[in-house]
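Chain and residue survey
So you can see what is in the structure, the chains are spelled out below.
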Amino acid sequence: DSNETMQALLSHIVELRDELKSINSALTFWLVPFCIRPIPGTPRAAALQRAGLVRFSDPALSGAYWTATCDTHHMSYEKVSEWQQKLLQEVSQAEPAWQI
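This structure is a prediction, so every number in the text was calculated from the model and none was measured.

Conventions and cut-offs
Residues numbered from 1 in each chain as written. Predicted model: local features only at pLDDT ≥ 70, side-chain atom pairs only at ≥ 80, totals over all residues. Heavy atoms only, no water. Helix = DSSP H or I, 4+ residues; strand = E, 2+ residues; numbered from the N terminus. Buried < 20%, exposed > 50% of the residue type's maximum accessible area, 1.4 Å probe, protein only. Patch = residues over 30% accessible without salt bridge, like charges linked within 9 Å, V, L, I, M, F, W, Y side chains within 5 Å. Areas by Shrake-Rupley, 256 points an atom, 1.4 Å probe, with all protein chains shown as cover. Salt bridge = Lys/Arg side-chain N within 4 Å of Asp/Glu carboxyl O. Polar contact = N/O pair within 3.5 Å; in protein donor to acceptor, adjacent residues only side chain to side chain. Core = buried A, V, L, I, M, F, W, Y, C linked by side-chain atoms within 4.5 Å. Contact = heavy atoms within 4.5 Å. pLDDT = per-residue confidence, 0-100.

Another aspect to go through is the environment of L53. Take L53: it is sitting in the loop between α2 (43-50) and α3 (77-91). Look at L53 and you get buried, because its relative accessible area is 15%. As for L53 and S76, which are separated by 23 residues in sequence, their C-alpha atoms are 8.9 Å apart.

There is a patch of nonpolar side chains on the surface, built from L16, L20 and I23 and spanning about 280 Å² of accessible area. Summarising the element assignment, I23 is placed in helix α1 (residues 3-23).

Turning next to the side chain of R17. Mapped onto the secondary structure, R17 falls in helix α1. A polar side-chain atom of R17 sits 3.1 Å from a polar atom in the side chain of D18.

Looking now at the pattern of salt bridges. What the rule picks out here adds up to 2 salt bridges. With a shortest N-O distance of 3.1 Å, R17 and D18 are connected by a salt bridge. The shortest N-O distance in the salt bridge between E82 and K79 comes to 3.3 Å. Of this pair, E82 and K79 both sit in helix α3, 3 residues apart, roughly one helical turn. Under the relative-accessibility criterion, E82 is labelled partly exposed at 47%. With relative accessibility at 28%, the residue K79 sits in the partly exposed group.

One recurring pattern in soluble globular proteins: nonpolar side chains tend to sit buried together. Counting residues in hydrophobic clusters, the biggest one holds 10 residues: M6, L10, I13, F29, L31, M75, V80, W83, L87 and V91. At the level of secondary structure, the elements contributing two or more residues to this core comprise α1 and α3. Broken down by element, the residue count for this core peaks at 4 residues, all from α3. Among all residues touching L31, those that are not within four sequence positions of it are I13, L87, L88, V91 and S92.

With that settled, consider the confidence of the model for the protein. Detailed reading of the predicted model is not advised wherever pLDDT is low. Looking at the protein as a whole, the pLDDT averages 76, with 72% of positions reaching at least 70. Per-element averaging of pLDDT across the protein places α3 at the bottom with 83 and α1 at the top with 91.

Okay, structure coming up:
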């Protein structure tokens, strides 16, 4: 949950993608970086909120599963969102068929 671990994740995903593409060059590789999204009022949501990892009080954060609604111990939700975008841009090779 830090810039260093996210960079390591990115490197490993790129390595995996490249290895899979070497086996099957026709492979279309993309990833979907979902966020923690507990249901408000549940024990899991309360525990994450007590830990300071989820903000339910900010109505701007009520988006879909793509929307970063959580902090980590080392990054704000804004930084998490930036990493989501970076992962999508650097790893995914094509738009999923359902978005075309």
